[in-house]
Amino acid sequence: MTTVATQKAPAAVADDALRGRDMLCFSHDWSGDPLSKTHLMRLMARDNRVLWVNSIGYRTPTASKADLGRAFKKLAAAASPLREVEPNIFTLNPLAIPAYGNPSVLAFNRWFLRLQVKRAMRRLRFKRAINWVFNPAASVIAGELGEEMVIYYCVDEYTAFTGVDSKSLARLEERLMRRSDLVVVSSDELYQSKAPFNPRTYLIRHGVDYSHFRKALDPATQIPAEMADLPRPVIGFHGLIADWVDIELIARVAEEFPEGSVALIGKTTTDVSRLERLPNVHLLGRKPFAALPAYCKGFDVALNPFCINELTLNASPLKVREYLAAGLPVVSTAIPEVVKLRQCFIGADHASFIREIKRALAEPGPRAERSEKVRGESWEARVNELRRIMAERESE
């Protein structure tokens, strides 16, 4: 008697996709602030095992104190064992030389990284792994680890970061895109530049940890003491304060609202001396992710004050959806992905940015109706989009 295999219905195939699998993830350091990769892999870990490979670097190091300190931390971390940092998420601290324009270094990195990652995979008894590559520098070994599938998940124009060997990284990224089974991008602009290298390129915009940031509307959430008594209005920001943040714009805002406060939450990696001289600017430093809704609750309006350049024009700032989930009015510079949301006040230049803050302050602070508009944009919804794409691929 002949047995005929029955084809699964599309819904069943989609439900099975991305479950019960072993996954590699080449990304930033797990100990850093939660980024899109963190949110996605935490959700993946509910139904899969994840080997998170901490950053192998893509920026050419300098002799600066910060870079030397980072190098020593990497060396110390490499001595630590493979460990399970959260259920089903294991971190590996590999060593690599971030100088991808040198053929000899490239060959060494390929050999040495493969050795380290394969050893970890053997220890975890990984099989048929899906390799999620968020760092294009991992192109040196992507597809050489016995993976069943390679997915390049591109969330930034990496060649536009300061200190990057753009030409070398662009070559690595092109190689990665051409050999990937799927390419996923997070903005329209990235889609336009990446899709020509791989016909299986998909746009999945960033999600938001909706239930977490919605806590800003919870009466039980307490505004932190360091913000509770700041003079109003409180004009807030959370995120990395790096060279893509328009420091002069923030200073102009502070000067325009001398009776109010500008509260900046986040690690600083750029010169903020202009802000430190202003009495109503409060640089409150990096805070735990768990505390961000409470800080958002203390904002009257939230800012996305990005400079306009190649890096930011391709970006999809996580913080914007986080602000919206917290119910806040948001004022942003003209970043295309923020404009497309149609839920924010957009300032085309410094003067109009300040005018938009004044408009936003007509309805200050967290409001439930604003939060509701992004309820459907959770990270869970984005993972479901990925499952549908994977199901379509399996049914081809």
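Preceding this section is the structure that the text describes.
Because the structure is a prediction, the values reported are computed rather than measured.

**So, the overall build of the protein chain**
Thought 1: Looking only at helices and strands, the protein chain has 17 helices and 14 strands in total.
Thought 2: When burial is assessed residue by residue, the protein chain has 53% of its 396 residues classed as buried.
Thought 3: Counting only carbon and sulfur atoms, one obtains 53% of the accessible surface of the protein chain, whose full area is about 17900 Å².

**Here we look at the sheet that holds strand S9 (residues 234-238)**
Thought 1: Read across the sheet, six strands follow the order S11-S10-S9-S12-S13-S14 without closing on themselves; strand pairing throughout is parallel. The open sheet is flanked by strand S11 (281-285) and strand S14 (345-347), the only strands paired with a single partner. Neighbour-to-neighbour, the strand axes of the sheet open up by a mean angle of 25°, direction not taken into account.
Thought 2: Relative to S11, strand S10 (residues 261-265) is paired through four bridges, and the arrangement is parallel. Looking across to S11, one finds that Ala263 is bridged to His282.
Thought 3: Running over the sheet, helix H9 (residues 247-256) touches S9, S10, S11 and strand S13 (330-333) and is turned about 145° from S10.
Thought 4: Across the face of the sheet, helix H15 (residues 350-360) comes into contact with S9, strand S12 (301-304), S13 and S14 while running at roughly 160° to S14.

**With respect to helix H4 (residues 103-124)**
Thought 1: Over its 22 residues, H4 runs 31 Å from end to end, which matches the ideal 32 Å to within 8%, given 1.5 Å per residue.
Thought 2: Along H4, the residues classified as buried are Val105, Leu106, Asn109, Leu113, Gln116, Val117, Ala120, Met121 and Leu124. Along the axis of H4, the buried residues cluster in a sector spanning 135°; they form a single face. Away from the buried face of H4 by more than 90 degrees, exposed residues Ser104, Trp111 and Arg122 are located.
Thought 3: Its buried side turned inward, H4 meets strand S1 (22-26), strand S2 (49-53), strand S4 (89-92) and helix H5 (166-179).
Thought 4: A distance of 2.9 Å separates the backbone nitrogen of Ser104 from a side-chain oxygen at the start of H4, and that oxygen is part of Asn102.
Thought 5: One or two residues past the end of H4 sits Arg125, with phi positive at roughly 55°.

**Some thoughts on a nonpolar patch on the surface**
Thought 1: A cluster of nonpolar side chains, contributed by Ile97, Phe108, Trp111 and Leu115, occupies part of the molecular surface with about 380 Å² of accessible area.
Thought 2: By the secondary structure assignment, Ile97 is in the loop between S4 and H4.

**Let's talk about the packing of H9 against H15**
Thought 1: Axis separation between H9 and H15 bottoms out at 10 Å; the angle between their running directions is 50°. When the axes of H9 and H15 are compared, the pair comes out oblique. When you trace H9 past H15, the crossing you get is right-handed. Residues Glu248, Leu249, Arg252, Val253 and Glu256 of H9 lie in contact with H15, whose contacting residues are His350, Ala351, Phe353, Ile354, Ile357 and Lys358.
Thought 2: Here the contact of H9 with H15 is built from residues that sort into six nonpolar, one polar and four charged.

**What to know about the nonpolar core**
Soluble globular proteins tend to pack their nonpolar side chains together in the buried interior.
Thought 1: Membership of the largest hydrophobic core comes to 123 residues, with the highest contact counts inside it found for Leu51, Trp132 and Ile357.
Thought 2: Other than its neighbours up to four places away in sequence, Leu51 contacts Met23, Leu24, Cys25, Leu82, Phe90, Leu92, Val117, Ala120, Met121, Leu124 and Phe126.

**Concerning the packing of helix H2 (residues 36-44) against helix H17 (residues 379-395)**
Thought 1: With their axes 10 Å apart at the nearest point, H2 and H17 run at an angle of 70° to one another. It follows from the interaxial angle that H2 and H17 lie roughly perpendicular. Contacts between H2 and H17 involve Ser36, His39, Leu40, Leu43 and Met44 from the first element and Trp379, Glu380, Val383 and Leu386 from the second.
Thought 2: Taken together, the residues of the contact of H2 with H17 sort by class into six nonpolar, two polar and one charged.

**Some thoughts on the sheet that holds strand S6 (residues 149-154)**
Thought 1: Taken together, the eight strands give an open sheet; going across it, the order is S3-S4-S2-S1-S5-S6-S7-S8, and neighbouring strands pair in mixed fashion. Two strands lie at the open edges of the sheet, namely strand S3 (83-86) and strand S8 (201-203), each paired on one side alone. Taken over all neighbouring pairs, the strand axes of this sheet differ in orientation by 25° on average, direction set aside.
Thought 2: In this sheet, S8 lies alongside strand S7 (residues 182-185) in parallel orientation, the contact comprising three bridges. By the bridge assignment for S8, Val183 is matched with Thr201.
Thought 3: Running at roughly 155° to S2, H4 makes contact with S1, S2 and S4 of the sheet.

**With respect to the packing of aromatic side chains**
Thought 1: A full pass over the atoms with the stated rule returns nine aromatic pairs.
Thought 2: Aromatic pair Trp132 and Tyr153: ring centres 6.5 Å apart, planes at 40°, arrangement tilted. Remark: Tyr153 occurs in strand S6 and Trp132 occurs in strand S5 (residues 130-133); sequence separation between them is 21 residues. As far as burial versus exposure is concerned, Trp132 and Tyr153 are alike and both buried.
Thought 3: By the ring-pair criterion, three or more aromatic residues cluster together here, those being Phe108, Trp111 and Phe112.

**Quick look at the pairing of S6**
Thought 1: S6 sits mainly inside the fold: six of its six residues count as buried.
Thought 2: Of the two faces of S6, the one holding Met149, Ile151 and Tyr153 and the one holding Val150, Tyr152 and Cys154 are both buried throughout.
Thought 3: When S5 meets S6, the two strands line up parallel, connected through four bridges. Paired with Trp132 across the strands is Ile151, a residue of S6.
Thought 4: The pairing of S6 with S7 spans four bridges and is classified as parallel. In the strand pairing of S7, Ile151 is matched with Leu182.
Thought 5: Viewed along the sheet, the connection from S6 through H5 into S7 turns out right-handed.

Cut-offs and rules
Residues numbered from 1 in each chain as written. Predicted model: local features only at pLDDT ≥ 70, side-chain atom pairs only at ≥ 80, totals over all residues. Heavy atoms only, no water. Helix = DSSP H or I, 4+ residues; strand = E, 2+ residues; numbered from the N terminus. Buried < 20%, exposed > 50% of the residue type's maximum accessible area, 1.4 Å probe, protein only. Areas by Shrake-Rupley, 256 points an atom, 1.4 Å probe, with all protein chains shown as cover. Pairing = 2+ DSSP bridges. Axes fitted to C-alpha atoms, helices over the stretch in contact; angles between N-to-C directions. Contact = heavy atoms within 4.5 Å. Expected span 1.5 Å × (residues − 1). Arc of directions from axis to C-beta. Polar contact = N/O pair within 3.5 Å; in protein donor to acceptor, adjacent residues only side chain to side chain. Patch = residues over 30% accessible without salt bridge, like charges linked within 9 Å, V, L, I, M, F, W, Y side chains within 5 Å. Salt bridge = Lys/Arg side-chain N within 4 Å of Asp/Glu carboxyl O. Parallel < 35°, antiparallel > 145°, perpendicular 65-115°, else oblique. Left-handed = near helix turned anticlockwise from the far one by under 90°. Nonpolar A, V, L, I, M, F, W, Y, C, P; charged D, E, K, R; others polar. Core = buried A, V, L, I, M, F, W, Y, C linked by side-chain atoms within 4.5 Å. Phe/Tyr/Trp six-rings, centres within 6.5 Å; stacked < 30°, edge-to-face > 60°. Right-handed = clockwise from strand over helix to strand, strands pointing away.

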